[in-house]
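# A closer look at the structure
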Amino acid sequence: MYYPSINSLLLWLLCFAPPGLAYGRSSESPPGPNAILLSRVQSLTLRANRLTSSRRVSPIPQLKCVGPSKSICDKYKIETMRCTNAGYDYDEEDVQWTCTAPLPEEFMLGATDVICEGYRNADDKWVLKGSCGVEYRLLLTERGERRFGKIQEDDLRSIPRATKGWRRGMDALVHMIFLGFWAAVLVMILWPMVRSCFGLRSRQRRPNVGRGWGGFGGGGG
């Protein structure tokens, strides 16, 4: 009896398997003409005073300093930054980036966050080509601290959150006032009806009547 060899079986599977299985991820079609996978991007070059491409949402700056202090961000503006694909931990499309930029001796680059626009939605693994920007933190070196002094941190990314919290508090207060007003109006309308149904009447006080004093008898004649 003839038994096919392992090589023959593998060749048969390769020939008759679905295209996606035979060729892997490379056969997956992008959802649009400018949709790309970050895992296939080797490097990004970002420049100041330029906006990203956009499709679903508004464009963002390619480079944005987010702290740790606005005064530090104002002291030096990075003109060009290059980020290199450094692989991934768990998800192949959750790429880790290593970013570098030319800086004076007083400054050093802190944490960086590469942000890209999902092509179909925010969680889409396909992203829009040219939509990536970088939010970075600019730190002072020892030489920078000697020159500028230690500057209090005020992470710029926390400002919108505080603003949102303040707005939520104001919205809740306005909502409570609105409900209280209509509750008072409702009580004023329903209270006469309740009194009428249950026979509640206000008790009227009798007017105070002074006690009369008896007359004195006339004197005898």
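Definitions and limits used
Within every chain, residues take consecutive numbers counted from 1 along the sequence as written. Predicted model: local features are reported for residues with pLDDT of at least 70 only, side-chain atom pairs are reported and counted for 80 or more only, and whole-chain, interface and lining totals are derived from all residues. Excluding hydrogens and water, the side-chain figures rest on all heavy atoms present in the structure. UniProt positions are given in the numbering used here, feature names are shortened, and annotations may be inferred rather than shown by experiment. At least two bridges found by DSSP between two strands are what make those strands a pair. Strands are runs of DSSP state E lasting at least 2 residues, helices are runs of H or I lasting at least 4, and numbering of each runs from the N terminus. Lines fitted to C-alpha atoms define the axes, with helix axes restricted to the stretch in contact, and inter-axis angles between N-to-C directions lie between 0 and 180 degrees. Between Lys or Arg on one side and Asp or Glu on the other, a salt bridge is scored when a side-chain nitrogen of the former is within 4 Å of a carboxyl oxygen of the latter. When accessible area is computed with a 1.4 Å probe and restricted to protein chains, residues below 20% of their type maximum are described as buried, those above 50% as exposed, and intermediate ones as partly exposed.

The protein chain goes by Store-operated calcium entry-associated regulatory factor in an unreviewed UniProt entry, where it is assigned to Aspergillus felis. You can read under Sequence similarities (unreviewed entry) in the UniProt record for the protein chain the words "Belongs to the SARAF family." Its UniProt record gives the protein chain the following Subcellular location (unreviewed entry) comment, quoted word for word: "Endoplasmic reticulum membrane".

## Side note on the sheet that holds strand β4 (residues 80-88)
With respect to topology, three strands assemble into an open sheet ordered β2-β4-β5, the strand pairing being antiparallel. The two strands at the open ends of the sheet, each matched to only one other strand, are β2 (43-47) and β5 (95-100). On average, each strand axis in the sheet is tilted by 30° relative to the strand beside it, whichever way the strands run. Here β4 runs beside β5; their pairing, made up of five bridges, is antiparallel. Paired with Y88 across the strands is V95, a residue of β5.

## Brief notes about the pattern of salt bridges
For the structure shown, the criterion picks out five salt bridges. Taking the shortest distance from any N to any O, the salt bridge between R143 and E106 comes out at 4.0 Å. Taken together, the residues R143 in helix α4 (residues 142-148) and E106 in the loop between β5 and β6 (107-115) connect sequence positions 37 residues apart. Residue class for R143 comes out partly exposed when judged on its relative accessible area of 42%. What makes E106 buried here is its relative accessible area of 10%. R120 serves as the salt-bridge partner of D124, at 2.7 Å between the closest nitrogen and oxygen.

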